[in-house]
Amino acid sequence: MELFEGLITRRSIRKYTGEIIDEGIIRKIIRAGMYAPSARNKRPWHFLIIDDREILRKIMEIHPHSAMLAEASHAIVVCGDVTLENGPGYYKLDCSAATQNILLAVHSMKLGAVWLGIEPREDRIKAISNLLELPENVLPLSVISIGVPVMIPEDIPDRFDEKRIRKNKW
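Note that the structure is predicted; figures quoted are calculated from it, not measured.

Chemist: Can you explain unusual backbone geometry? Please cite residues and give values.
Modeler: Cis geometry marks the peptide bond from Glu119 to Pro120, where omega comes out at 5 degrees. Within the fold, Pro120 resides in the loop between strand S3 (112-117) and helix H5 (122-131). Of note in the backbone geometry, Asn168 takes a positive phi value of approximately 70 degrees without being a glycine. Among the secondary structure elements, Asn168 is positioned in the segment after strand S4 (138-147).

Take a look at the structure:
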């Protein structure tokens with residue numbers, strides 16, 4: 001898949017076959033996340049691979065929009081380490097870039113994924129941190145649900161909006 005095509009055709013996929021994806025593929029997907037840009041190349045991220053059905057079920061209890069985890073092969077929890085970030089709040093930017101790289105890598109492999117936001121919801125941050133026994137310096141930013149898609153949408157909505165572009169000044 002050509003890069004620009006992948007950017008334009010990526011969609012949030014919420015329906016999976018339930019088929020299990022090989023962990024080698026999951027690690028390759030995480031590798032893509034680790035190649036995201038980060039402020040001063042600090043790379044303050046940590047990635048938790050979740051394939052335990054009970055943990056996935058508990059995440060569904062915490063996150064109100066995570067029902068797709070019931071059929072997902074895996075979830076990847078993208079976390080930021082505040083002791084590694086460039087400055088206060090930078091892990092959010094860096095880990096968002098890593099999350100996007102993961103979503104694009106999944107799409108390039110003809111798999112499906114959806115970004116489940118944890119940040120900025122304090123209740124979700126606390127509940128996911130407790131569930132996964134994260135150290136105090138590591139905060140969850142996103143949960144990415146990954147699975148073999150039931151279908152991949154072929155329609156490409158036109159999201160380009162000329163009204164959102166300015167040149168030189170507002």
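Resuming the write-up.
Chemist: Would you mind going over the packing of helix H2 (residues 23-34) against helix H4 (residues 90-108) in detail, with residue names and values included?
Modeler: Packing of H2 against H4 brings their axes to within 7 Å, and their N-to-C directions diverge by 140 degrees. Relative to H4, the element H2 is oriented oblique. Remark: the crossing between H2 and H4 carries right-handed chirality. Judged by residue contacts, Ile29, Ala32 and Gly33 of H2 engage Ala98, Asn101, Ile102, Ala105 and Val106 from H4. In terms of residue class, the contact of H2 with H4 is built from six nonpolar, two polar and no charged.

Chemist: I'd like to hear about the packing of aromatic side chains, residue by residue, with values.
Modeler: As enumerated under the stated definition, the model contains one aromatic pair in all. Ring geometry for Trp45 against Phe47: centres 6.4 Å apart, planes inclined by 45 degrees, an arrangement best described as tilted. Judged by relative accessible area, which is 7%, Trp45 ranks as buried. Positioned above the aromatic ring of Trp170, the side-chain terminus of Arg166 is 3.9 Å from the ring centre.

Chemist: Give me the nonpolar core: which residues, what numbers.
Modeler: Membership of the largest hydrophobic core comes to 21 residues, with the highest contact counts inside it found for Ile29, Phe47, Ile76, Ile102 and Ile146. Within the residue set of this core, elements represented by two or more residues are H2, strand S1 (45-50), strand S2 (74-81), H4 and S4. A per-element tally of this core places H4 first, with six residues. Ignoring sequence-local partners within four residues, the contact set of Phe47 consists of Ile30, Gly33, Met34, Ile76, Val77, Val78, Ala98 and Ile102. Within the second largest apolar cluster, 20 residues are counted, among which are Leu116, Ile125, Val138 and Val143.

Chemist: With reference to specific residues and values, describe the side chain of Ser129.
Modeler: Here Ser129 is to be found in helix H5. At 2.7 Å, the side chain of Ser129 forms a polar contact with the backbone oxygen of Ile125. Residues in contact with Ser129, not counting those within four places in the same chain, are Leu134, Val138 and Pro140.

Chemist: Lay out the environment of Ile156 with the relevant residues and their values.
Modeler: Its place among the elements puts Ile156 in the segment after S4. Sequence separation of Ile156 and Ile8 is 148 residues, and the distance between their C-alpha atoms is 7.5 Å. Ignoring any residue separated from it by four or fewer positions in sequence, one finds Ile156 in contact with Ile8, Thr9 and Arg11.

Chemist: Hey, could you go over the pattern of salt bridges for me, with residue numbers and the actual values?
Modeler: Pairing between side chains of opposite charge can happen when their charged atoms approach one another. Scanning all chains against the criterion turns up six salt bridges. Taking the shortest distance from any N to any O, the salt bridge between Glu54 and Arg57 comes out at 2.3 Å. Of the two residues, Glu54 and Arg57 both sit in helix H3 (residues 53-62), three residues apart, roughly one turn of that helix. You can call Glu54 partly exposed: its relative accessible area is 38%. On the basis of relative accessibility, which here comes to 34%, the residue Arg57 falls in the partly exposed class. Linking Lys163 and Asp161 is a salt bridge whose minimum nitrogen-to-oxygen distance equals 3.9 Å. We classify Asp161 as partly exposed; its relative accessible area is 27%. Counted as one network, the salt bridges with shared partners bring together Glu54, Arg57 and Glu61.

About the cut-offs
- Residues numbered from 1 in each chain as written.
- Predicted model: local features only at pLDDT ≥ 70, side-chain atom pairs only at ≥ 80, totals over all residues.
- Heavy atoms only, no water.
- Helix = DSSP H or I, 4+ residues; strand = E, 2+ residues; numbered from the N terminus.
- Axes fitted to C-alpha atoms, helices over the stretch in contact; angles between N-to-C directions.
- Parallel < 35°, antiparallel > 145°, perpendicular 65-115°, else oblique.
- Left-handed = near helix turned anticlockwise from the far one by under 90°.
- Contact = heavy atoms within 4.5 Å.
- Nonpolar A, V, L, I, M, F, W, Y, C, P; charged D, E, K, R; others polar.
- Phe/Tyr/Trp six-rings, centres within 6.5 Å; stacked < 30°, edge-to-face > 60°.
- Buried < 20%, exposed > 50% of the residue type's maximum accessible area, 1.4 Å probe, protein only.
- Lys NZ or Arg CZ within 6 Å of the ring centre and 35° of its normal.
- Core = buried A, V, L, I, M, F, W, Y, C linked by side-chain atoms within 4.5 Å.
- Polar contact = N/O pair within 3.5 Å; in protein donor to acceptor, adjacent residues only side chain to side chain.
- Salt bridge = Lys/Arg side-chain N within 4 Å of Asp/Glu carboxyl O.

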